[in-house]
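# Results of the structural survey
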Amino acid sequence: GTIVGRRAAPFDYTGKKVVGAASFNALVKREMADAKKRTGGKWRSANGGGYEALYGQTALAEATSAINRGGTISVTDLMDHAITESQILFEGTAHQNNWFLYHDALSAWWEKEAQA
């Protein structure tokens, strides 16, 4: 057969800190709690209710985005990207349904909380 080279879209985490899932989840939890103490700007209308009062069902996503904008991302974002891009790369090939992904000793990748 013909060999066809393919490239995955890059995952750009330039200038960002990649942390394990447990550490990232703790940051989000702290952000959610800290927001309840904020009183200025947009937080005035929250009346101490934090993200939940401002955003309702999307509160967790908004707090997560705030942590991301601050320069920290979860290793699970990197993992999800690698899986999605691998699915795209193998789509329509003989290995569409039996490919696997390997990653070396990035400790955050292998922590219990990062495993689905």
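Preceding this paragraph is the structure being described.
Everything numeric here is computed off the predicted structure, so don't read it as measured data.

## A closer look at the nonpolar core
Formed by Val19, Phe24, Val28, Met32, Ala35, Trp43, Ala46, Tyr51, Ala59, Ala63, Ala66 and Ile67, the largest nonpolar core amounts to twelve residues. Only helix 1 (21-35) and helix 3 (59-69) provide two or more residues apiece to this core. Ignoring sequence-local partners within four residues, the contact set of tyrosine 51 consists of Glu31, Met32, Ala35, Arg38, Trp43, Gly56, Ala59, Glu62, Ala63 and Ala66. Grouped together as the second largest cluster of nonpolar side chains are eight residues, Val75, Leu78, Ala82 and Ala114 included.

## With respect to the packing of aromatic side chains
Counted according to the given criterion, the structure contains four aromatic pairs. Seen from their ring centres, phenylalanine 90 and tryptophan 99 are 5.8 Å apart, and the 5° between their planes marks the pair as stacked. Each member of the aromatic cluster is reached from another via a ring pair, and the members are Trp43, Tyr51 and Tyr55.

## Here we look at the side chain of glutamate 111
Along the chain, glutamate 111 falls in the segment after helix 5 (107-110). Buried within the structure, glutamate 111 lacks any salt-bridge partner; its nearest side chain of opposite charge belongs to lysine 112, at an N-O separation of 11 Å. At 2.9 Å, the side chain of glutamate 111 and the backbone nitrogen of alanine 22 are in polar contact. Ignoring sequence-local partners within four residues, the contact set of glutamate 111 consists of Gly20, Ala21 and Ala22.

Cut-offs and rules
- Residues numbered from 1 in each chain as written.
- Predicted model: local features only at pLDDT ≥ 70, side-chain atom pairs only at ≥ 80, totals over all residues.
- Heavy atoms only, no water.
- Core = buried A, V, L, I, M, F, W, Y, C linked by side-chain atoms within 4.5 Å.
- Buried < 20%, exposed > 50% of the residue type's maximum accessible area, 1.4 Å probe, protein only.
- Helix = DSSP H or I, 4+ residues; strand = E, 2+ residues; numbered from the N terminus.
- Contact = heavy atoms within 4.5 Å.
- Phe/Tyr/Trp six-rings, centres within 6.5 Å; stacked < 30°, edge-to-face > 60°.
- Lys, Arg positive; Asp, Glu negative; His and termini not counted.
- Salt bridge = Lys/Arg side-chain N within 4 Å of Asp/Glu carboxyl O.
- Polar contact = N/O pair within 3.5 Å; in protein donor to acceptor, adjacent residues only side chain to side chain.

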